[in-house]
Amino acid sequence: MIKIGLTGNIASGKSEVENILLKKGFVVVDLDKISHQLLEKDDEIKKKILGEFETLKRTELAKIVFSDLNKKKNLENIIYPKLKEYIINIFEINKDKKAVIVSGALIYEAGFQDLFDKIIFIDSKKELRLSRLMKRNNIDKNTALQRINCQNDKNKTKADIIIENNSDIATLNNKIDNAIALLF
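Residues numbered from 1 in each chain as written. Predicted model: local features only at pLDDT ≥ 70, side-chain atom pairs only at ≥ 80, totals over all residues. Heavy atoms only, no water.

What to know about helix 2 (residues 31-41)
Of all the positions in helix 2, only Leu31, Ile34, Ser35, Leu38 and Leu39 are classed as buried. For helix 2, the arc enclosing every buried residue in end-on projection is 145°, short of the 170-degree limit, so these residues lie on one face. Of the exposed residues in helix 2, those oriented more than 90 degrees away from the buried face are Lys33 and Lys41. At the N-terminal end of helix 2, a side-chain oxygen is found 2.8 Å from the backbone nitrogen of Asp32, two or three residues along, and the residue is Asp30. (Buried < 20%, exposed > 50% of the residue type's maximum accessible area, 1.4 Å probe, protein only. Helix = DSSP H or I, 4+ residues; strand = E, 2+ residues; numbered from the N terminus. Arc of directions from axis to C-beta. Polar contact = N/O pair within 3.5 Å; in protein donor to acceptor, adjacent residues only side chain to side chain.)

Pasting the structure below:
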C-alpha cells in the first residue's frame, strides 16, 4: 500500500481533489472532517479548549484560534496526537488497498509528513484562494487574509508532487491523472 498525504493551503482546492480521487476509487480520509468530529465529541478537547463554552460553534472557535496563537497551539497540542493515532489506524484497516490518501491542510505543521510515502501539495494563486475563502465561508477580506496568512507557503517545496489548481475542473482532473501516473 502507498500512503499518500494530500495537503495545500486553505481554499486551494483540496476538497475538490478529494472528490475526484474518491470517484477514481481511492480510499480518501479527510483529516479536517475528523478534526471537526473530535471538536464536537471529544471530552478532553471540550474541557481544555472550550472550557465553559462547550457549545461553541466551529466558526466561533476558528475566530478564537486564528486570532490567538497560544490558543491555536493549545488546540494543536491536544488534537494532533489524536489525529496521528487515527491515521495509523486507517492505514492498518486499509492495508490491503493499493493506496490510502489522507488529506489535511496541516500535514507538515502537525509533523505527520513521515507517516506518508509521498505527499501531494495542491496550490493556487493567493488571489484565487482569497476569493474562494471569502465566498465559501461568507467572511470579509480581512478575516480571509488573516486565515491565509496563518499558513506556511514554504511547505509546497517539501512535497513530492505539486498540483496547480488555478483553472477548471477538467484541467484539475487531468493534473490529478498525471500525478497518479507518477505514483504508480
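This is not the end of the story, as more comes after the structure.
Observations concerning the side chain of Asp30
Within the secondary structure layout, Asp30 lies in strand 2 (residues 27-30). In this structure Asp30 is buried but unpaired, with Lys33 as the nearest side chain of opposite charge at 4.3 Å. Setting aside its immediate chain neighbours within four residues, Asp30 contacts Glu18 and Ser103. (Lys, Arg positive; Asp, Glu negative; His and termini not counted. Salt bridge = Lys/Arg side-chain N within 4 Å of Asp/Glu carboxyl O. Contact = heavy atoms within 4.5 Å.)

Side note on the pairing of strand 4 (residues 118-123)
Strand 4 sits mainly inside the fold: 5 of its 6 residues count as buried. Here 5 bridges tie strand 1 (residues 2-8) to strand 4, and the two strands are oriented parallel to one another. When the sheet's bridge partners are listed, Gly5 is paired in strand 4 with Ile119. Both strand 4 and strand 5 (residues 161-164) contribute to a ladder of 4 bridges, which runs parallel. Within strand 5, the residue paired with Phe121 across the bridge is Ile162. (Pairing = 2+ DSSP bridges.)

What about empty space enclosed by the protein?
All told, the structure shown has 1 cavity of 30 Å³ or more when counted by the stated rule. If you add up the space inside the largest cavity, you get close to 30 Å³. Tallied by class, residues from the lining of the largest cavity come to 6 nonpolar, no polar and no charged. (1 Å grid on protein atoms, 1.4 Å probe; cavity = no way out; pocket = protein on both sides within 12 Å on 5 of 7 lines; lining within 4 Å. Points joined across faces, edges and corners; volume = space filled by probe spheres on them. Nonpolar A, V, L, I, M, F, W, Y, C, P; charged D, E, K, R; others polar.)

So, the packing of aromatic side chains
In total, this model carries 3 aromatic pairs according to the counting rule given. Between the aromatic rings of Phe91 and Phe116, the centroid separation amounts to 5.9 Å while the plane-to-plane angle is 90°, which identifies the pairing as edge-to-face. With a gap of 25 residues between them, Phe91 in helix 5 (residues 69-93) and Phe116 in the loop between strand 3 (99-103) and strand 4 connect regions that are remote in the sequence. Look at Phe91 and you get buried, because its relative accessible area is 6%. Directly above the aromatic system of Phe184 lies the positively charged group of Lys98, at a separation of 4.4 Å from the ring centroid. (Phe/Tyr/Trp six-rings, centres within 6.5 Å; stacked < 30°, edge-to-face > 60°. Lys NZ or Arg CZ within 6 Å of the ring centre and 35° of its normal.)

Observations concerning the pattern of salt bridges
Summed over the entire model, instances satisfying the criterion amount to 3 salt bridges. Between Lys95 and Glu92 there is a salt bridge, with its nearest N and O atoms 2.7 Å apart. In this structure Lys95 comes out as exposed when scored by relative accessible area, which is 56%. Looking at Glu92, the relative accessible area reads 46%, which means it is partly exposed. The salt bridge partner of Lys156 is Asp123, with a shortest N-O separation of 2.9 Å. Here Lys156 is found in the loop between helix 7 (141-149) and strand 5, whereas its partner Asp123 is found in strand 4, with 33 residues between them in sequence. Among the residues examined, Lys156 registers a relative accessible area of 25% and is labelled partly exposed.

A closer look at helix 6 (residues 126-137)
Helix length check: helix 6, at 12 residues, gives a terminal C-alpha distance of 16 Å against a target of 16 Å (1.5 Å per residue), a fit within 8%. Listed as buried for helix 6 are Arg129, Leu130 and Leu133. For helix 6, the angular spread of the buried residues around the axis is 100°, confining them to a single face. Projecting away from the buried face of helix 6 at angles above 90 degrees are the exposed residues Glu127 and Lys135. Packed against the buried residues of helix 6 are helix 7. Of the residues flanking the end of helix 6, it is Asn138, one or two places downstream, whose phi is positive at about 50°. (Expected span 1.5 Å × (residues − 1).)

Everything listed here is a matter of geometry and, on its own, says nothing about what the molecule does.
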